[in-house]
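Chain by chain, the residues run as shown.
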Amino acid sequence: MAFSTRWYLVLSAVLFLSFCVPSLGQQFTSQVQEFIKVQDPSVALVDAKVIDGTGRPALLHQTVLLKQGRIVQVGPVKKVKVPADAKVINCAGKTLIPGLVMLHEHLYYTMPMGGFFNIAQMPYSFPRLYLAGGATTIRTAGSIEPQTDLAIKRLIGEGKLIGPDMDVTAPYMEEPSLDIPALNTINGPEDAAASTKFWADKGCTSFKMYMHATRADLKAVVQTAHQRNLKVTGHLASITYREAAEIGIDNLEHGFMASSDFMPNKAPDVADYPAARQSLLKLPVNSPAMKELISFLVSKRVALTSTLPVFEPYTGREVVLGGGLEALIPQLQEREQATWQQNQNKDTASLRLFKKEMVWEKQFYDAGGF
């Protein structure tokens, strides 16, 4: 991860927004101003521990110099000369990390209600929570209210709301199948291409294929998006990973958890999630077939988005990492606690698959995947 123009301080294992150096001349509303601690054009963060995101060990007693919101120098305290006009912030005992770039995010939460899978947009709290968690850039990876997501992106850019920089993904590209009222549906490849053009014109920068989309749908979206140098990702089921890579998809969501490549006698363009899951459970962790698929994806330069924390409740770890269960609405608290309790200290199928997924993602990385 490259240096971000926003940095965060870590103290007592609590990550919080310490300061934000705005762009020169940018105006902010009063509700945003209250979160900005420092607006000086020159800032020196002195005597910090620095984790730079490259994988090398943390660097101690470092000074970070910023000018007009940009990092211009990082080095040992004794070697970095602090400008006379700089605002000096003593970071002894604190850790600086780059702003996190998160690739599979949403501005909504899900909750089954009244027999339907309900989805609720969270335009006020979610951007704040992402930023408070250290995420300075996010990709929405599928939108339920894309017009809302695009408006939030604009308002953040105009200094009217607080939140991370956003790359907004268009509505899900999904054929009619799932009874989810809020889910966007397409009817064939022509409709898929038209939807891609429409949301690209609106400002969406990527497109997400969903579980029942067909190979023809994907081909139409890829051709239309790539003409504009935009990316296509997918949470697949009907389409195998190999088929998607051959068509030209750029990215695959949820690691290998959504792969249907190992189903025996899989029917083309037919989603059978339970059968796909069973095939992954039966697949040996060091399967030559998986290694062959990994090599093919790497050769096609298809990226993989890991979402291991989504599946981590099956491991028996705490209900909400770092605490904060009380921040959820009561219905979500009950659901998360029930899921956690069901899997506490149990060798479940979900836990076994989670452990395999960790190995497969490492194999993908070691093979040159990204």
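Next up on the list: helix α8 (residues 288–299). Here α8 is 12 residues long and its end C-alpha atoms lie 16 Å apart, about the 16 Å a rise of 1.5 Å per residue gives. Lining the buried residues of α8 we find α6 (241–247), β15 (251–253) and α11 (349–366). Where α8 begins, one side-chain oxygen reaches toward the backbone nitrogen of Ala289, 3.0 Å away; that side chain belongs to Ser287. Trailing α8 by a residue or two, Arg301 shows a phi angle of about 55°, which is positive.

What follows covers empty space enclosed by the protein. The full count for this structure, using the stated rule, is 1 cavity of 30 Å³ or more. Within this model, the largest cavity holds a volume of roughly 40 Å³. Every residue along the wall of the largest cavity is listed here: Leu236, Ala237, Met257, Ala258, Ser259, Ser260, Asp272, Tyr273 and Ala276. Along the lines of polarity and charge, the residues of the lining of the largest cavity split into 6 nonpolar, 2 polar and 1 charged.

As a further point, take the sheet that holds strand β11 (residues 135–139). Taken in spatial order, the 3 strands line up as β8-β11-β12 in an open sheet, and their pairing is parallel. Each edge of the sheet is formed by a strand with only one pairing partner; in this case those strands are β8 (100–102) and β12 (165–167). Going from strand to strand, the sheet's axes swing by 15° on average, the running direction of each strand aside. When β8 meets β11, the two strands line up parallel, connected through 3 bridges.

Ranked by size, the top nonpolar core spans 57 residues in total, and within it Phe207, Tyr241, Leu252, Phe256 and Leu297 carry the most contacts. Ignoring any residue separated from it by four or fewer positions in sequence, one finds Leu297 in contact with Tyr241, Ala245, Leu252, Phe256, Val302 and Phe364. Val43, Val50, Val64 and Ile89 belong to the second-largest nonpolar core, a separate cluster that totals 10 residues.

Below, the discussion takes up the packing of aromatic side chains. One pass over the full model with this rule turns up 4 aromatic pairs. Between the aromatic rings of Tyr172 and Tyr210, the centroid separation amounts to 4.9 Å while the plane-to-plane angle is 65°, which identifies the pairing as edge-to-face. With Tyr172 in the loop between β12 and α4 (189–202) and Tyr210 in the loop between β13 (206–209) and α5 (215–226), this residue pair connects regions lying 38 residues apart in the sequence. When its relative accessible area of 4% is taken as the criterion, Tyr172 is described as buried. Relative to Trp199, the ring of Phe198 has its centre 4.9 Å away and its plane inclined at 85°; by these criteria the two rings are edge-to-face. Given a relative accessible area of 13%, Trp199 falls into the buried group. Grouping aromatic residues by their ring pairs yields a cluster made of Tyr241, Phe256 and Phe364. When the ring centre of Phe296 is taken as reference, the NZ or CZ atom of Arg242 above it lies at 4.3 Å.

For the protein chain, the mean per-residue pLDDT works out to 89, and 91% of the residues sit at or above 70. Contacts for the low-pLDDT stretch residues 10–21, under 50 throughout, to residues beyond four places or in other chains number 36 contacts.

What follows is about unusual backbone geometry. The phi torsion at Asn265 lies on the positive side, around 55°, for a residue other than glycine. Looking at where Asn265 falls in the secondary structure, it is placed in the loop between β15 and α7 (273–282). The class of Asn265 is exposed, set by a relative accessible area of 79%.

The subject of this paragraph is the pattern of salt bridges. Across all of its chains, the model carries 8 salt bridges by this definition. Each of the salt bridges in this network shares a partner with another, and the network as a whole consists of Arg154, Glu158 and Lys160.

Here the focus is the pairing of β11. The element β11 is extensively covered by neighbouring structure, given that 4 of its 5 residues are classed as buried. As paired strands, β11 and β12 are joined by 3 bridges and run parallel to one another. For Ile138, the partnering residue across the bridge sits in β12 and is Met166. The parallel pair β11 and β12, bridged by helix α3 (residues 146–157), forms a crossover whose chirality is right-handed.

Here we come to the side chain of Thr214. Note on placement: Thr214 falls in the loop between β13 and α5. Among all residues touching Thr214, those that are not within four sequence positions of it are Ile239 and Asp269.

Across the interface, α8 lies against α11 with an axial gap of 9 Å and an inter-helix angle of 45°. Here α8 is positioned oblique relative to α11, judged by the angle of their axes. The interaxial crossing formed by α8 with α11 has right-handed handedness. Contact residues: Met290, Lys291, Ile294, Leu297 and Val298 in α8; Trp360, Gln363 and Phe364 in α11.

Cut-off values and rules
- Per chain, residue numbering runs from 1 following the sequence as it is written.
- Restriction of local features to residues with pLDDT of at least 70 applies here, the model being predicted, together with a cutoff of 80 or more for giving and counting side-chain atom pairs; totals for whole chains, interfaces and linings are based on all residues.
- Side-chain numbers here rest on the full set of heavy atoms in the structure, without hydrogens or water.
- Comment: elements are numbered from the N terminus, with helices defined as DSSP H or I runs of at least four residues and strands as E runs of at least two.
- Working rule for helices: expected span equals 1.5 Å times residues minus one.
- Any pair of residues with heavy atoms lying within 4.5 Å of one another is described as a contacting pair.
- The term polar contact refers here to a pair of N or O atoms within 3.5 Å; inside protein, the definition further demands a hydrogen-donor-capable atom paired with an acceptor-capable atom, and it admits residues adjacent in sequence only when both atoms are side-chain atoms.
- A cavity here means a set of points on a 1 Å grid, drawn over the protein atoms and nothing else, where a 1.4 Å probe fits but cannot get out; a pocket is an open set with protein on both sides within 12 Å along at least five of seven lines, and a residue lines either one if it has an atom within 4 Å of a point.
- Grid points are joined across faces, edges and corners, and a volume is the space filled by probe spheres set on the points.
- Three classes are used, and their members are as follows: Ala, Val, Leu, Ile, Met, Phe, Trp, Tyr, Cys and Pro are nonpolar, Asp, Glu, Lys and Arg are charged, and the others, Gly among them, are polar.
- Two strands are said to pair when DSSP picks up at least two bridges between them.
- Fitted lines through C-alpha atoms serve as axes, helices being fitted only where they are in contact, and the angles separating the N-to-C directions of these axes extend from 0 to 180 degrees.
- Put simply, a nonpolar core is a bunch of buried Ala, Val, Leu, Ile, Met, Phe, Trp, Tyr and Cys residues held in one set by side-chain atoms that sit within 4.5 Å of each other.
- Buried means the residue's accessible area, taken with a 1.4 Å probe over protein chains only, is under 20% of the maximum for its type, while exposed means over 50%, and partly exposed covers the values in between.
- Aromatic rings from Phe, Tyr and Trp, taking only the six-membered ring of Trp, are treated as a pair when their centres fall within 6.5 Å; an angle between ring planes under 30 degrees marks them as stacked, one over 60 as edge-to-face, and anything in between as tilted.
- Should the NZ of a Lys or the CZ of an Arg lie within 6 Å of a ring centre and within 35 degrees of the ring normal, that charge is described as sitting over the ring.
- pLDDT measures how confident the predictor is about each residue, on a scale from 0 to 100.
- Salt bridges are defined as contacts in which a side-chain nitrogen from Lys or Arg sits within 4 Å of a carboxyl oxygen from Asp or Glu.
- With the strands pointing away from the viewer, any crossover whose connection runs clockwise from the first strand over the helix to the second is right-handed.
- When an angle is under 35 degrees it counts as roughly parallel; over 145 it counts as roughly antiparallel; between 65 and 115 it counts as roughly perpendicular; any other value is oblique.
- A clockwise turn of the near helix away from the far one marks a right-handed crossing, whereas an anticlockwise turn of less than a right angle marks a left-handed crossing.

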